[in-house]
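Breakdown of the fold
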Amino acid sequence: MADVNCNPDLASNKLSLDEIRDSLIRQEDTIVFCLIERAKFPLNPKLYHRNHGFTGSLVEFIVRETEAIQAKAGRYENPEENAFFPEHLPRPLVHPRKYPKVLHPSGASINMNKPIWDFYFNKFLPLLVADGDDGNYAATAASDLACLQALSRRIHCGKYVAEVKFRDAPHEYEPPIRSQERDSLMKLLTFEAVEEMVKKRVEKKARVFGQEVTLNNTVDGGKYKIDPLLAARLYDEWVMPLTKEVEVEYLLRRLE
Ligand SMILES: O=C(O)C(=O)C[C@]1(C(=O)O)C=C[C@@H](O)C=C1
C-alpha cells in the first residue's frame, strides 16, 4: 500500500520531492471524499453561531474536545499533525511512536490552522453545501473536522516539501533566506505546470469519486455529489497558496 505520509526518512536519503508529491496526490483522494461526506448535510448554520452556551460555537466545542481526546491518544506527537486549538492540549497517555526528526526545529512549529479555519468556514463551506438546517449538528461537525484535518495535514506537508527543496539546492535557497526575501523564495519554490496538473487531477477525482454508480451502466450525465470545478477552485484559491505560504515561512526560518 502506498505510504500516505509526508514525513520522509531523509536521513537515509530515501525520499525525494517526487515521493512527497505522491503523498500529496494520495491526500487529494482523502480530501475529495471528505468533501463528499460533508456535502451530504446542508449548511446547518446553528453549528457555527456563538449562542449555544459554550465558549464559542458548537463546532468549536466539538473540535476542541475531539482534539483533546486525540491528543491523549498521541495524535499531535506526529509532526505532520497540527491542532486547531493547540493551547492546553492534554499529554498523550499512550507511548508515542518514534518519528524521525526531519524538520528544522524553527520551522517545525509553524501552524497555519487559523487561516485554514477562516477560509473553510467563511468562504468555502457556503459554496460546497446547500442552504438549510436538518438538525444533524454532531454528525455535521464531525465531518467538518474530518475536512479540516485532511486540509491541514496536506497544507502543513509544505514543511517537508520545503525541507526537501532546500536540501536539494541549498546554494539557490540560502541567499534569499539570508536576505529574508519572501518574493524570491516564492518564485523559487513555485512550479506552475505542477499546479495546473494538481487542479486538473482534483477536478477529475471529484468527477469520478462523486458520480452516481449504478449497475446498469447508465451514467447520470453531469450530476455529481460535489461540483468538480469547486474542488479545483479549493486547491487553486486556498490549498496551494497556503501550502506555499507554509513553505515560505519554513524557509525563512531554515537557517536560524
Ligand atoms: O510540488 C511542489 O513543488 C509543491 O511545492 C507543492 C505545490 C502544491 O501545493 O501542490 C505548491 C507549489 C508548487 O508550485 C507546486 C505544487
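See above for the structure.
No experiment lies behind these values; they were computed from the predicted model shown.

From N to C terminus, the protein includes 10 helices and zero strands. Reading the protein from its N end, one meets helices and strands in the order α-α-α-α-α-α-α-α-α-α. The C-alpha radius of gyration of the protein comes to 19 Å, within 12% of the 18 Å expected for a compact globule of 256 residues. Dimensions along the principal axes, computed over C-alpha positions, put the protein at roughly 55 × 45 × 35 Å. When contacts within the protein are restricted to residue pairs at least 6 apart in sequence, those whose partners lie at least 24 apart make up 76%. The averaged location of the 39 negative side-chain charges in the protein is 3 Å from the averaged location of its 36 positive side-chain charges.

Taken as a whole and assessed by the stated rule, the structure comprises one disulfide. What pairs with Cys-6 in a disulfide is Cys-157, and their sulfur atoms sit 2.1 Å apart. Because the sign of the S-S torsion sets the handedness, a value of about 110° for the bond joining Cys-6 and Cys-157 places this disulfide among the right-handed ones. Residue Cys-6 is found in the segment before helix H1 (17-38), and its partner Cys-157 is found in the loop between helix H5 (137-156) and helix H6 (158-168); the two are separated by 151 residues along the sequence. There is no split in this pair, since Cys-6 and Cys-157 are both buried. A disulfide-free cysteine, Cys-34 has its sulfur positioned 5.1 Å from the sulfur of Cys-147, the nearest such atom. Owing to a relative accessible area of 1%, Cys-147 belongs among the buried residues under this scheme.

Here we come to the side chain of Ser-57. Among the secondary structure elements, Ser-57 is positioned in the loop between H1 and helix H2 (58-72). Judged by its relative accessible area of 2%, Ser-57 falls in the buried class.

Around the ligand, 13 residues are found, and the nearest of them are Arg-21, Lys-165, Phe-191, Glu-195 and Glu-247. Arg-154 has a polar side-chain atom sitting 2.8 Å from an oxygen atom of the ligand. At 2.7 Å from an oxygen atom of the ligand is found a side-chain nitrogen or oxygen belonging to Lys-165. Because more than half of its atoms lie within 2 Å of the grid, the ligand is assigned to the second largest pocket. Mapped by element, the contributors of at least two residues to the shell around the ligand are H6, helix H9 (192-209) and helix H10 (228-252).

Conventions used here
- Residues numbered from 1 in each chain as written.
- Predicted model: local features only at pLDDT ≥ 70, side-chain atom pairs only at ≥ 80, totals over all residues.
- Heavy atoms only, no water.
- Helix = DSSP H or I, 4+ residues; strand = E, 2+ residues; numbered from the N terminus.
- Rg over C-alpha atoms; globule rule 2.2 N^0.38 Å.
- Contact = heavy atoms within 4.5 Å.
- Lys, Arg positive; Asp, Glu negative; His and termini not counted.
- Charge placed at Lys NZ, Arg CZ, Asp CG, Glu CD.
- Disulfide = S-S within 2.5 Å.
- Buried < 20%, exposed > 50% of the residue type's maximum accessible area, 1.4 Å probe, protein only.
- Near = heavy atom within 4 Å.
- Polar contact = N/O pair within 3.5 Å; in protein donor to acceptor, adjacent residues only side chain to side chain.
- 1 Å grid on protein atoms, 1.4 Å probe; cavity = no way out; pocket = protein on both sides within 12 Å on 5 of 7 lines; lining within 4 Å.
- Sits in = over half its atoms within 2 Å of the grid points.

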